[in-house]
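# A structural walkthrough
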Amino acid sequence: MIEQQENKISLKDRLFKILPLPALIGIILGAIGGYFYYTEIGCASGSCGITSNPYLSVLWGAAIGYLFGDMFRKKKRDGGVVE
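Residues numbered from 1 in each chain as written. Predicted model: local features only at pLDDT ≥ 70, side-chain atom pairs only at ≥ 80, totals over all residues. Heavy atoms only, no water.

### Points about the overall build of the protein chain
- What the protein chain contains, in helices and strands, is four helices and zero strands.
- Going from N to C terminus, the protein chain has its helices and strands arranged as α-α-α-α.
- Within the protein chain, buried positions represent 18% of all 83 residues.
- At a minimum sequence separation of 6, the contacts of the protein chain that also span at least 24 residues come to 50%.
- In the form shown here, the protein chain has an accessible surface area of approximately 7300 Å², with 64% of it arising from carbon and sulfur atoms. (Helix = DSSP H or I, 4+ residues; strand = E, 2+ residues; numbered from the N terminus. Buried < 20%, exposed > 50% of the residue type's maximum accessible area, 1.4 Å probe, protein only. Contact = heavy atoms within 4.5 Å. Areas by Shrake-Rupley, 256 points an atom, 1.4 Å probe, with all protein chains shown as cover.)

### Describing helix α3 (residues 21-40)
- When the terminal C-alpha atoms of α3 are compared, their 28 Å separation across 20 residues agrees well with the 28 Å that a helix rising 1.5 Å per residue should span.
- For α3, every residue scored as buried is listed here: A23, G26, G30, A31 and G34. Along α3, the residues classed as buried sweep out an arc of 135 degrees about the axis, all on the same side. For α3, the exposed residues set more than 90 degrees away from the buried face come down to L29, I32, F36 and E40.
- Positive phi shows up at G42, right after α3, with a value of about 50 degrees. (Expected span 1.5 Å × (residues − 1). Arc of directions from axis to C-beta.)

### Digging into the layout of surface pockets
- What the largest pocket holds in volume is close to 190 Å³.
- Considering the residues around the largest pocket, the lining is formed by F16, K17, P20, P22, R73, K74 and K76.
- When the residues that make up the lining of the largest pocket are grouped by side-chain class, the tally is three nonpolar, no polar and four charged. (1 Å grid on protein atoms, 1.4 Å probe; cavity = no way out; pocket = protein on both sides within 12 Å on 5 of 7 lines; lining within 4 Å. Points joined across faces, edges and corners; volume = space filled by probe spheres on them. Nonpolar A, V, L, I, M, F, W, Y, C, P; charged D, E, K, R; others polar.)

### Observations regarding the state of the cysteines
- Under the criterion given, the structure shown has one disulfide.
- Through a disulfide, C43 is tied to C48; the S-S separation comes to 2.1 Å. Disulfide C43-C48: the torsion about the S-S bond is 65 degrees, which places it as right-handed.
- Classification of C48 as partly exposed rests on a relative accessible area of 31%. (Disulfide = S-S within 2.5 Å.)

### Digging into the packing of aromatic side chains
- Tallied over the full model, the rule gives two aromatic pairs.
- On the basis of an interplanar angle of 40 degrees and a centroid distance of 6.1 Å, the ring pair of Y35 and Y38 is categorised as tilted. Placement of the pair is Y35 and Y38 together in helix α3, with a separation of three residues, close to one helical turn.
- Overall, the relative accessible area of 45% leaves Y35 in the partly exposed class. (Phe/Tyr/Trp six-rings, centres within 6.5 Å; stacked < 30°, edge-to-face > 60°.)

Structure, rendered in structure tokens:
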């Protein structure tokens, strides 16, 4: 029974292994920023591909936020030779 509990990895640990905390914060802030961009700046004519749709604005904001947040993640070094 003790071995089963040791082998279980919590959902939080699995989530942070896939998506580190800085990247997760970046996604959330980017999504909020994308929606803010849509509401405040947006596109008056409706012909703009990204800014005329709130879903696309939030999606692009989240993507940019992820990329920005991922810059602050600590990367593991494997000690190998870079080719």
